[in-house]
Amino acid sequence: MFETAELGRTLASEEYKKIVPELRQELLEVQRQLLNNGSFQVILIFAGVDGAGKSEIVNLLNSWMDPRWLVTHAYGPPSDEESERPEYWRYWRDLPPKGQIGLLLSTWYSRPILDYVYGEHNLANFDKRLDRITGMEKGLADNGALILKFWLHLDKASQQQRFQSLEQDPLNAWRVTEEDWKHWELYDGFMGAAEHCIRKTSTGEAPWHIVEGGDLKYSAVTVARTLCDSIRLQLERIKHEAELAAVAKSRLQPQPQDSETATDQDRGREVVRPSVPTVLSNLDNDLRLSKEEYQQQLSTLQGEINQLQHQAHESNISTLLVFEGADAAGKGGAIRRVISALDAKHYKVVPIAAPTDEERAQPYLWRFWRHLPRAGRLTIFDRSWYGRVLVERVEGFATEQEWRRAYREINDFEEQLAEHDILVIKYWLHITPEEQLDRFDARAATPYKQWKLTEEDWRNREKWADYELAVNDMVERTSTSLAPWTLVEANDKRFARVKVLQTLRDRLQQKLSKTIHSDP
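Residues numbered from 1 in each chain as written. Predicted model: local features only at pLDDT ≥ 70, side-chain atom pairs only at ≥ 80, totals over all residues. Heavy atoms only, no water.

## Looking at the overall build of the protein
Logical step 1: What the protein contains, in helices and strands, is 20 helices and 10 strands.
Logical step 2: Projected onto its principal axes, the C-alpha coordinates of the protein cover approximately 85 × 70 × 40 Å.
Logical step 3: Looking at the 520 residues of the protein, the share that counts as buried comes to 49%.
Logical step 4: Accessible surface computed for the protein: about 26000 Å², of which carbon and sulfur atoms make up 49%.
Logical step 5: Taking the average place of the 68 positive charges on the side chains of the protein and the average place of its 82 negative ones, the gap between the two points comes to 3 Å. (Helix = DSSP H or I, 4+ residues; strand = E, 2+ residues; numbered from the N terminus. Buried < 20%, exposed > 50% of the residue type's maximum accessible area, 1.4 Å probe, protein only. Areas by Shrake-Rupley, 256 points an atom, 1.4 Å probe, with all protein chains shown as cover. Lys, Arg positive; Asp, Glu negative; His and termini not counted. Charge placed at Lys NZ, Arg CZ, Asp CG, Glu CD.)

Next comes the structure, spelled out in structure tokens:
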């Protein structure tokens, strides 16, 4: 695999000086076009042999292009803050926004290769980690990112010579460490791991480019030209797809409009239910709790949860609660009963609304990754990443391809949370259409609650059947053993709140019990 990167290719100084000014102009121009287009980000991943010039090329790119629209990150061992979250949290946090270019050194490839070479993981575990990487990169590419991966290569003799040359230079001797020499001694093992890695992870969405690293002038020009060509190709592809979409749209015939429209008074009074049974239609909506039973169970459950969450904090167990449900289903009331049981220092509530401009400039999971709790903390999402397969699906904000692939992306995301020992509890609060209408009317009649009732609430009600079918698919595709859905019968608010608290208590008890029994 690496023979083509051991041919001794170089670039004469005179030719290099002639090429660079024109190349810099090209880089600045495609950078401007990328920024103006604003529909995708570019992620450059630099990996390869120690001493092959990765850092030097990143420095050159920063000097050749406009640094205002570049994001550069180099990763070492994770900090305490990073270690308390899933492995990929720090990478998601550092992604460049759309319209910009990210230059990433020592990324998600470094640790798997090192662990395999040093025998800390076998081939099966190595492959599992590479599969996770492929899944992440596919998700980023599916959301529009242009991913370019460069492996900077040196043969063993050239690497030795590079190290010795650096050590003899007083200004650069610090660049060569004992670890570098140890890796050099394990060169064959690293090359075997690298070859396996590249074969497994070089995909159409995120290809590897193997670049000869013997001459910095040659490798820098090669990387820069690849970057220019790839951005241009992506921009042309986007333009072509937009033209095809415009032609297709122009051929669509306007749909006939219904001449009869419901009055505001009648609107939303009747809803159409799905014609087939769903997981929601099987729920018992008549479950009730008396006020006395509710008060007694509420106090007991909140006390138990308070103690369990303190134990979870001491054990560094993080908890993530997801609340979804129909409009007026009581999510806010349930959340308030949960946080009443918690120490305010250890929890955070994240309300999810329409994405901001900053969030639109990233893959849709980015804004959820950034809010993941540290070890021992609890985060509550009032609506969540499931918006992609619910409101975005039903309202047409996501294409069918986007919301269908979201099931896989969400399951992979939640699997990473579970693997990091984060307890994920997901609630769907369900009410019947009749109960929702009663609550809407009550809101409209109560001055301090009128702000809760919006035009969007009535519009969503008219699509009741579509939403119920979307919920059914969501539960079918994403209720897993690692992150199951809890369906809450919420026609009676007291019953719903108690079930939410009971589920939280039971899941915390199970998690703590497993943790205690697994400790040596």
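There's more to say after this.
## Here we look at helix α17 (residues 433–445)
Because each turn of an α-helix spans 3.6 residues, side chains separated by three or four positions end up pointing in the same direction.
Logical step 1: Taking 1.5 Å per residue as the helical rise, α17 with its 13 residues ought to reach 18 Å, and the 18 Å between its terminal C-alpha atoms agrees with that figure.
Logical step 2: Within α17, burial applies to Pro433, Glu435, Gln436, Leu437, Arg439, Phe440 and Arg443. (Expected span 1.5 Å × (residues − 1).)

## Here we look at the nonpolar core
Logical step 1: Leu44, Phe46, Leu61, Trp64, Trp151 and Trp385 are the most contacted members of the largest nonpolar core, which has 109 residues in total.
Logical step 2: Here the element with the most residues in this core is helix α10 (residues 216–251); it accounts for nine residues.
Logical step 3: In contact with Trp151, not counting residues within four places along its chain, are Phe2, Ala47, Gly48, Val49, Ile113, Met191, Ala194, Ile198, Trp208, His209, Ile210 and Val211.
Logical step 4: Phe323, Ala329, Val338 and Leu508 belong to the second-largest nonpolar core, a separate cluster that totals 34 residues. (Core = buried A, V, L, I, M, F, W, Y, C linked by side-chain atoms within 4.5 Å. Contact = heavy atoms within 4.5 Å.)

## Examining the pattern of salt bridges
Logical step 1: The full count for this structure, using the stated rule, is 44 salt bridges.
Logical step 2: Salt-bridge contacts for Asp115 lead to Arg111; the nearest nitrogen and oxygen are separated by 3.1 Å. Taken together, the positions of Asp115 and Arg111, both in helix α5 (residues 110–117) and four residues apart, correspond to about one turn of that helix.
Logical step 3: In this structure, Arg232 engages Asp229 in a salt bridge whose closest nitrogen and oxygen atoms are separated by 3.7 Å. Of the two residues, Arg232 and Asp229 both sit in helix α10, three residues apart, roughly one turn of that helix. (Salt bridge = Lys/Arg side-chain N within 4 Å of Asp/Glu carboxyl O.)

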